[in-house]
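So you can see what is in the structure, the chains are spelled out below.
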Amino acid sequence: MNYKMVAYLLGRILIIMGCLMCLPLIVALVRREPTVTGFLISVVLQLSLGLIFTVKKPSRKDFYAKEGFVIVAGVWVLTSLFSAIPYCVSGEIPSYADAFFEMVSGFTTTGATILQDIESLSYSSLFWRSFTHWIGGMGVLVFVMAVLPKEHVSQSIHIMRAEVPGPQAGKLVARMGETARILYGIYIVMTAIEVVCLMLAGLPFFDSLLNAFSTAGTGGFAVKNASIAAYNSGAVDVIITVFMALFGINFSLFYLLLTKSFIQVLKDEELHWYLGIILVSMVVIGLNIMHQYQSFWEALRYSSFQVVSLVTTTGFITADYTKWPMLSQTILIILIFIGSCAGSTGGGFKVSRVIILFKNSISEIRRQLRPRSIAPVRMSGKVMDEKVVNSVMSYLCIYIVVFIVSQLLLCFEQFSLVTNFTAVATCINNVGPGLDAVGPVENFAGFSSFSKLVLSFDMLAGRLELLPMVVLFAPSTWKRR
């Protein structure tokens, strides 16, 4: 473990995060809000610690996969810890455990909240809360790679692999830094377009900006207690539904569209499955809930929003789906586990992994029936590397272990099995709302501080594809050899 290089890079990132936190500080200063002190303390602490870590550049600059995992996990934990300070200092979230949970939920784009009155928050706190979604959506480290000079990200493939969602991370172009800048360029343009569309639909600029931040990061933090349902606008519902679906698509496909590689986009198998899952779920749920609405089209409006919101793991709501028939609720819970596409801002298990598991199971059945036959796993017409298939199987095993352990730890809570099960499911898949006591019109305030820490770990583990958090807390990681 190259400790000096890890500390140096963590310092550089803390400086950047401290600078980003100046944005809500400016909002607080302009509006003369009491949150100024909290944001100022957090900015000073991050900049000071960052300067201490970077005062001397390490002579040995190499780092590998283990260092990459530690850097990624360390950054997400540290930024959440520092970001919780303003809420405690201002008294808007008095409990530090609650504030930490809220910030982990923000950066991991989960959208689970302990707040019972969101609209009582200051403008600066609302801004920072949604802005953490936007930062975390594409990834804290991807942002850093986009802004750091190229000499500091020469081995950043280890960081990219540790942070980017999906079974494998690759380059769009030769340099990782340039890849990160391309991704963020697409991200910024799409966010700006959504802001304009929401303003044209009648939303104020502040609401449009913050809802766009949450949509882009597929996070779900809203500025209203009733989430998007508060606007009661069909136009707003359609706009956010479309953009949630877009942000759930692999961003490399947008790059291919820009380079006019239309055939490659049309042949992408994960995109076919993703759109197919959405369309089928929308229609089935629409038909299932039609009796609760005035027409099929009204039912389809609400079913499409909830389907896209949960499969992309955004977590916005326009209806209390716990009052829908059991079939609809079951489909929505399944969508929570499936998640969006690899390489998107969404969470969940990822559509590509579901495809690989399904095809690998079919191949294994064929091999059992015909032992001498060769049945490779293919996606988009290409044979999948066996290492990728094995990594998906390993991911599933770790996923199940973390899920079961989390369920056991939450058993000490006085909640129903449905509440505990969906609480873990929605946190590890970075969705936000679940069922029962953590349903779309409820929150996580009732859980103990211990359970909130468990769920915070689940949110971080889910967003970082499990391994970085497992490596960070593994004793072998810190042993000197």
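Calculation rules
- Residues numbered from 1 in each chain as written.
- Predicted model: local features only at pLDDT ≥ 70, side-chain atom pairs only at ≥ 80, totals over all residues.
- Heavy atoms only, no water.
- Salt bridge = Lys/Arg side-chain N within 4 Å of Asp/Glu carboxyl O.
- Helix = DSSP H or I, 4+ residues; strand = E, 2+ residues; numbered from the N terminus.
- Buried < 20%, exposed > 50% of the residue type's maximum accessible area, 1.4 Å probe, protein only.
- Phe/Tyr/Trp six-rings, centres within 6.5 Å; stacked < 30°, edge-to-face > 60°.
- Axes fitted to C-alpha atoms, helices over the stretch in contact; angles between N-to-C directions.
- Parallel < 35°, antiparallel > 145°, perpendicular 65-115°, else oblique.
- Contact = heavy atoms within 4.5 Å.
- Nonpolar A, V, L, I, M, F, W, Y, C, P; charged D, E, K, R; others polar.
- pLDDT = per-residue confidence, 0-100.
- Disulfide = S-S within 2.5 Å.

1. Quick notes on the pattern of salt bridges
1) Next: Using the criterion set out here, one finds eight salt bridges in the structure.
2) Next: A salt bridge links R31 to E33, with the nearest nitrogen and oxygen atoms 3.7 Å apart.
3) Next: Ionic pairing is found between E102 and R129, a salt bridge with its closest N-O pair at 2.9 Å. Note that E102 is positioned in helix 6 (residues 96-107) and R129 in helix 7 (residues 123-138), a separation of 27 residues in sequence. Residues E102 and R129 agree in their burial class; the two are buried.
4) Next: Via salt bridges that share partners, K350, R353 and E465 belong to a single interconnected network.

2. Quick notes on the packing of aromatic side chains
1) Next: Evaluation of the coordinates by the stated rule reveals 29 aromatic pairs.
2) Next: Summarising the aromatic geometry, the rings of F131 and F213 are spaced 5.3 Å apart at their centres and angled 55° between planes, so their arrangement reads as tilted. Of the two residues, F131 is situated in helix 7 and F213 in helix 11 (residues 205-216); the sequence distance between them amounts to 82 residues. No difference in accessibility class separates F131 from F213, as the two residues are buried.

3. With respect to unusual backbone geometry
1) Next: Here the phi dihedral of D436 falls at roughly 60°; this positive angle occurs in a residue that is not glycine.
2) Next: For D436, a relative accessible area of 45% gives the class partly exposed.
3) Next: One non-glycine residue, L466, lies in positive phi territory at about 75°.
4) Next: Mapped onto the elements, L466 comes out in the loop between helix 21 (449-463) and helix 22 (467-473).

4. What about the packing of helix 1 (residues 3-20) against helix 2 (residues 22-30)?
1) Next: For the pair helix 1 and helix 2, the least separation of the axes is 4 Å and the interaxial angle reads 25°. Comparing the axis directions of helix 1 and helix 2 gives the class roughly parallel. Between helix 1 and helix 2, the residues in contact are G18, C19 and L20 and C22, L23 and P24, respectively.
2) Next: Of the residues assigned to the contact of helix 1 with helix 2, the class counts are five nonpolar, one polar and no charged.

5. Some thoughts on the confidence of the model for the chain
1) Next: Per-residue pLDDT for the chain has a mean of 88; in total, 90% of the residues score no lower than 70.
2) Next: Counted against residues more than four places away or in other chains, residues 149-155, with its pLDDT under 50, gives 13 contacts.

6. Observations regarding the state of the cysteines
1) Next: In total, this model carries zero disulfides according to the counting rule given.
2) Next: With no disulfide of its own, C411 has C427 as its nearest cysteine by sulfur position, at a separation of 15 Å.

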